[in-house]
Amino acid sequence: MALEVKIREKKEATVIQLIGRVIGVDGEKFSKKLDTTYSKMKKKVVLDLSEVTFLDSHGLGTIVYYFHSMQKENRQLVILNANPDPNTYIKRLFDLTNLNKILTIVDSLEQA
C-alpha cells in the first residue's frame, strides 16, 4: 500500500496525516511534505501517525530532525497516535527507541 499524505489546516496547527507504510520513496514524499510545512513557519505542526502501519529508519529520523529543529525555534511538532491499541507498531516503536520520553505524543487532536 502506497503512502497517502493528507494535510489540513486547523485554527491552531497544521495537521499532516500519514496513512500506510512510510518506507523508501514514500519516506521521501513524507519528508518533502513535512519540509514544505516546516518552511511555512507554522507555530505548531501535528503529525498524525494513527494509521501508519510501518515507519522505516529514514522516516523516524525525519521526525526526530524536525522535532528538534522546531523546538530550537520555539515551535512544536506534536505526534498524534489516536490508535487506542497499546500494541500498535507505532506505539511499540516509540517505546522501544525511548522516543516516547523525548517527543510530544498525544492520543487526540484536542490534546495537541
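Let me sum up the structure you'll find in this document. Each chain carries its own residue numbering, running from 1 in the written order of its sequence. Selection of residues for local features in this predicted model requires a pLDDT of at least 70, selection of side-chain atom pairs for listing and counting requires 80 or more, and totals for whole chains, interfaces and linings are taken over all residues. Hydrogens and waters are ignored; side-chain quantities use all the structure's heavy atoms.

### Examining unusual backbone geometry
Quick reminder of the rule: The numbering of helices and of strands both runs from the N terminus, where a helix is a DSSP run of H or I of at least 4 residues and a strand a run of E of at least 2. For the exposure calls, accessible area comes from a 1.4 Å probe over protein chains only, and a residue counts as buried if that area is under 20% of its type's maximum, exposed if over 50%, partly exposed in between.
The backbone phi angle of asparagine 74 is positive, close to 55°, even though this residue is not glycine. Along the chain, asparagine 74 turns up in the loop between helix H2 (57-72) and strand E4 (76-80). Accessibility expressed as a relative area gives 60% for asparagine 74, which makes it exposed.

### What about the nonpolar core?
Quick note on the threshold: Buried Ala, Val, Leu, Ile, Met, Phe, Trp, Tyr and Cys residues form a nonpolar core when they are joined through side-chain atoms within 4.5 Å. Contact between two residues is taken to exist if any of their heavy atoms lie within 4.5 Å; hydrogens are not considered.
If you look at the biggest cluster of nonpolar residues, it comprises 25 residues, and the most contacted ones within it are Leu18, Leu47, Leu49, Ile63 and Leu77. Residue assignment for this core shows that the elements contributing at least two residues are strand E2 (14-22), helix H1 (24-39), strand E3 (44-55), H2, E4 and helix H3 (89-96). Apart from residues lying up to four places away in sequence, leucine 77 is in contact with Leu34, Val45, Leu47, Ile63, Tyr66, Phe67, Met70 and Thr104. Formed by 6 residues, the second largest nonpolar core is a distinct cluster that contains Ala13, Val46, Val78 and Val106.

### Considerations on H2
Stated formally: Here, expected helix span is obtained from the residue count minus one, scaled by 1.5 Å. N or O atoms closer than or at 3.5 Å make up a polar contact, with two conditions inside protein: a donor-capable atom paired with an acceptor-capable one, and, for residues adjacent in sequence, both atoms drawn from side chains.
Compared with an ideal rise of 1.5 Å per residue, which puts 16 residues at 22 Å, H2 spans 23 Å between its outermost C-alpha atoms and is within 8% of the ideal. Inspection of H2 places Gly59, Leu60, Thr62, Ile63, Tyr66, Phe67, Ser69 and Met70 among the buried residues, and these make up the whole buried set. Its buried side turned inward, H2 meets E2, H1, E3, E4, H3 and strand E5 (104-106). Where H2 begins, the capping side chain belongs to aspartate 56, and its oxygen is found 3.2 Å from the backbone nitrogen of histidine 58. Asparagine 74 occupies a position one or two residues after H2 and carries a positive phi of about 55°.

By themselves these figures say nothing about function.
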